[in-house]
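Secondary and tertiary structure notes
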Amino acid sequence: MLLIHCPCCGVERPEIEFRYGGEAHIARPMQPADLDDHQWAEFLYMRTNPKGVMAERWRHVHGCGRFFNALRDTVSDRFIAVYKTGEPRPDSATASGEGAR
Amino acid sequence: MTLSFRTSKGGRIDRAKSVKFIFDGKTLVGQAGDTLASALLANGIHLVGRSFKYHRPRGILTAGSEEPNALVGVAKSAAAAAAGQSVPNLRATQVEIHEGMVIVSQNRWPSLGFDIGAVNDRLSPLFVAGFYYKTFMWPKSFWNRVYEPFIRAAAGLGKAPTAPDPDRYANRYAHCDVLVAGSGPAGLAAALTATRSGARVILAYEQGEPGGSLLHDVGAQIDGRPAAEWVSAVIAELAGNDRVTLLPRTTVFGYFNQNFIGLAERVTDHLADPDPSLPRERLWQVRARQVVLATGAIERPLVFPENDRPGVMMAEAGRIYANRFGVLPGRAIAVATSCDSAWRAAFDIKALGGNVVAILDMRTDVDPALKEKARAHSIRVETGCTVTGVKGTKRIEGVRLGRISGDTVSSAGSLACDCLLMSGGWTPNVSLHSQARGKLDWHADKGAFLPGDPVQAQRSAGSCRGIDGLAQVLADGARAGAEAAQAATGNAVDVPAFSASGSEVSSGWWLGAVPHDRDASRVRAFVDFQNDVTAKDVKLAVREGMHSIEHIKRYTTTGMATDQGRLSNMNALSIASTALANEIPQVGLTTFRQPYTPVTFGTLATTSRGDLFDPVRRTAIHDWAAAQGAAFEDVSLWKRAWYFPKSGEDMHAAVLRECRTVRESVGIFDASTLGKIEVVGPDAAEFLERIYTNPWKKLGIGRLRYGLMLNEAGFIMDDGVVGRIAEDRFHVTTTTGGAPRVLAHMEDYLQTEWADLKVWLTSTTEQWAVIAVQGPKAREAIAPLVDDIDLSTEAMPHMSVRQGHVMGGIPCRLFRMSFTGEAGYEINVPPSRARQVWDAVFANVERLGGCAYGTETMHVLRAEKGYIIVGQETDGTVTPDDVGMSWAIGKNKPDFVGKRSLARPDLMATGRKQLVGLLTKDGKALLEEGAQVTAEADPAPRTPALGHVTSSYMSAAAGRPIALAMIANGRARHGETLHVPMPNGAIAVEVVPPLFVDPEGSRLNA
Ligand SMILES: [Zn+2]
């Protein structure tokens, strides 16, 4: 079971307190009507699914209830960084936040 | 067999305390401290089971958890066995005997000695590698009727117990600085070093007694005293430290992410009469800062023809049985080896009075000191010599000898013996390192994979990383313990030095099939004993195109038994590498996975069984309904009253009566399980505008609206009635099962997309109990109880909400709404007062000729009106238009979740399935929910169905069965006849609009 550092609570908690929220940094278009069918399908369904570092959303659903983002290595499952929603994606090479443990 | 094979002295068993147990109906005697394997061997019994595929007789091969053959069923007592309470597939080498234990051998019928299934052995050409994929593929229709039943009857291991598991299983979480897996010399040195530095230590070991190899390495001395005494002193020091947890009989079965370690502790299996307050087994979930793996090495079998016959045993196992358990594994013992350590077994057995007839070493360059020692013991030695086969089937009677000369072998006669101890050298036990995702490095000089750099906070110590020699292993354990403790605590750690003597380093090893002079097409040399995989099978797999070890493994099943190939992998790999003419590291090694050895379901489930499997949610009205004799159904975690049968009524009669009563007078229904969310804030209306398809901004205060919620893909995900309580406050209801999902969906958009909106969401599901009162007399039923709300239709029309009080001051939110098509109310009150209100309303309902109704009646009544249930009519691929609810879409809204998707071509295509009603032509047949609907009564095979029945009930109001269905192009088919094919013939149905009662809706406004 993963240990996940919640950047909102400032504590490390077991994975069962959290729920996975899919890939991060996929903003809902401001004007969906302006997108053609292909662009809309890209937004809806297409994800990068990387082997390696991935930015993803988590929610501390059984804690503070907040969504936040994390960089996680999908090969090793290692968390590289956690950061709050709205903050830019950290550089994974230099990230050494508390989530990096 | 009447003569005991017990030595006259030595061993760690309690010779004063005999233990009676039953094996295959026969009472046998062992000593306290025996494992089942050692006790059977003391009684001269090697034959303990039949193999999985060929039903070949099999004996005890090892003395540890890697045992592939000696799998048995164990019951605690004769009474437990009679009650069907037993545990199958336990390894006899791990079962500690106690008085009255009842053991059955497995995989044989009618008896161990005479087994019908042994015919499989004669049919072995049928069962070669990949036989599942070949033999049983044709003809196709034979699979279900012939092949599968045959395979199931013939193969398989133990029998599952017939009675529910009577035992209790416990669960514990723990944290520590250093977890040490294994209590051999490396593990003890590591644990001792870490403990002395002040670290919190957990030491887990598989067996009942700690010490590992030190318990049978009788000549070894550590710090000037016998090794076993040193073990006792170390354990005493560890046990006396309250920062140390010693876990005997505990398997480290799983190494998970971030040093999360799963341990299975067998608490009471070894006790005849355990304290009933103790669990049978305990699951430990440990978060360890650092882990030391001291899991030792496992001796490797020699792959020669008939190497699986009872009496053939690993050399070190023979040494363990002799030294630790005081049992000689035979009357005339031969040793076949390619390494030094097996010679020690011969010497120790000889020293205990055993008869060692010969040591046969494949090597020619054997250490002269060993030969000298053998001469001193008067043991015949043959070098450059191997075993090429055995005589005897249920017990060996002798071995064939072969003289090795280069790649060829010539017969060198035979040798009479009833036990053969074999050794192909040692395979470092890297399972847990591999589970922890550590890479393995190939060391050609040692013929072994050793742990590479760890990925997690762990390190290997001792022979599991290829260290040999007691002094070296102790030093390596101390080093690992110090490193781990320092990394975990930051403290400086003293590394103790241990002196050791009397335990020699072992050299020499052999990998792969042993050469022989036999007819290769006729003999079988086993690689994986438990799965009955032979050297020939591995070669065949290579010939048939399997070039990766991952493919060879799956094709032959080698390494897929409960030992995960700890005995067989290296031999299989070597045979494959030879056949492929490729180096071993290029052929690869399969990954070891959790669990290390099988773990019982009980341990993994712990207390999550029966009533504790899932939480149960009950409403404030639950006890009342139960007292009324209601039947309940599970809806998500809730218990909901399903129907209220009167005496003599079945479900059908009760539901018809309840439905009729609601439509004719009034019914009362517990709707408390509905999800409720309070949506509050200056932007609450704007938020709902974006989340639901409907418009909200113009909804007046005190008004209700049905809300439809889509996911972003445009499909219906939930629905419910929403009331505007104030300008900035909405009372949202959701489906019973959908409440958490809806709240998470709302929070997602609020937090991550529209963080600028000032809105707060609060789950209020358990803050409001909901009493629904429905029917023409609903107002009459509640009016006397309402304090301060004008119930007239003019003041409070259909789809409105008022805040007020009932019964002299109980606060309520009163909804006028309907899910039945009748006029009705839903009274929301605090759960603490709900029962009081319910009782009062029910008294009125009863006085008016009404009744309580359950969820089944609710379902029927709504189906009569064509109201959908999300999850019943919809399945995650249904749009509002599909269910005729385009009216719920706010046409002027620029955007809402799912809006853009509704304009995708697929979602606007013609021919989509649409909600319709179905009436059976005969007016009597009740359709099955889920049944397919077709155009033809007897469609040709592979004709796609037009759709399926989603709801089907007997309708009291319609006087006939009714059904809802999702049918391709359904709205254009009103009046058409379609068919519902069933096993007894198709049922003809007419497609009608999904509305069976009061099409004008006039009853709602009464
Ligand atoms: Zn949090």
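Notes on the structure in this doc start here.

Rules of the game
- Residues numbered from 1 in each chain as written.
- Chains lettered and ligands numbered in written order.
- Predicted model: local features only at pLDDT ≥ 70, side-chain atom pairs only at ≥ 80, totals over all residues.
- Heavy atoms only, no water.
- Helix = DSSP H or I, 4+ residues; strand = E, 2+ residues; numbered from the N terminus.
- Polar contact = N/O pair within 3.5 Å; in protein donor to acceptor, adjacent residues only side chain to side chain.
- Contact = heavy atoms within 4.5 Å.
- Donors = N, O, S within 2.8 Å, 3.2 Å for Na, K, Ca; no water.
- Tetrahedral: all angles 85-135°; square planar, octahedral: opposite > 155°, others 65-115°.
- Buried < 20%, exposed > 50% of the residue type's maximum accessible area, 1.4 Å probe, protein only.
- Pairing = 2+ DSSP bridges.
- Axes fitted to C-alpha atoms, helices over the stretch in contact; angles between N-to-C directions.
- Buried area = accessible area lost by both parts, 1.4 Å probe.
- Salt bridge = Lys/Arg side-chain N within 4 Å of Asp/Glu carboxyl O.

1. Concerning the side chain of Arg-28 of chain A
Residue position: Arg-28 of chain A is located in the loop between strand S3 (19–23) and helix H1 (37–45). Here Glu-712 of chain B takes part through its side chain, which lies 2.4 Å from a polar atom of the side chain of Arg-28 of chain A. There is a polar contact of 2.8 Å between the side chain of Arg-28 of chain A and the side chain of Asp-895 of chain B. Contacts of Arg-28 of chain A, omitting those with residues within four sequence positions, involve Phe-43 of chain A together with Glu-712, Tyr-749, Glu-753, Trp-754, Asp-895, Phe-896, Val-897 and Gly-898 of chain B.

2. What about the coordination of the zinc ion?
Residues and elements named next belong to chain A. Taken together, Cys-6 (SG), Cys-9 (SG), His-60 (ND1) and Cys-64 (SG) make up the protein donors of the zinc ion, found 2.0 to 2.3 Å from the metal. With four donor atoms in place around the zinc ion and angles of 103 to 118 degrees between them, the coordination shape is tetrahedral. Counting along the primary sequence, the residues that act as donors to the zinc ion give the motif C-x2-C-x50-H-x3-C.

3. Observations regarding helix H24 (residues 855–864) of chain B
Residues and elements named next belong to chain B. Of all ten residues that make up H24, ten are buried, and the element is covered over most of its length. Turning to H24, its buried residues are Thr-855, Glu-856, Thr-857, Met-858, His-859, Val-860, Leu-861, Arg-862, Ala-863 and Glu-864. Next to the buried residues of H24 lie strand S32 (631–635), strand S33 (638–643), helix H19 (651–664), strand S34 (667–670), strand S47 (947–955) and strand S48 (960–968). Trailing H24 by a residue or two, Gly-866 shows a phi angle of about 75 degrees, which is positive.

4. Re the sheet that holds strand S2 (residues 26–32) of chain B
Either a parallel or an antiparallel arrangement is found when strands of a sheet pair, and the pairing is made through backbone hydrogen bonds. All names here are of chain B. Within the open sheet, the five strands sit side by side as S2-S1-S7-S5-S6. Their pairing is mixed. Of all the strands in the sheet, just S2 and strand S6 (87–91) have a single pairing partner and so form its edges. With strand direction ignored, the average angle separating the axes of adjacent strands in the sheet is 40 degrees. With four bridges connecting them, strand S5 (residues 71–75) and strand S7 (residues 102–105) associate as antiparallel partners. Within S7, the residue paired with Val-72 across the bridge is Ser-105.

5. Structural notes on the interface of chain B and chain A
Contact with chain B, which involves 26 residues of that partner, is made by 27 residues of chain A. For the pair chain B and chain A, the summed buried area comes to about 2,300 Å², and 44% of that belongs to carbon and sulfur atoms. Sorting the residues of chain B by area buried against chain A places Gln-258, Gln-751 and Arg-900 of chain B first, and these three jointly supply 29% of that buried surface. Inspection of the chain B/chain A interface yields five salt bridges.

Functional significance is not addressed by these values, which are geometric in nature.
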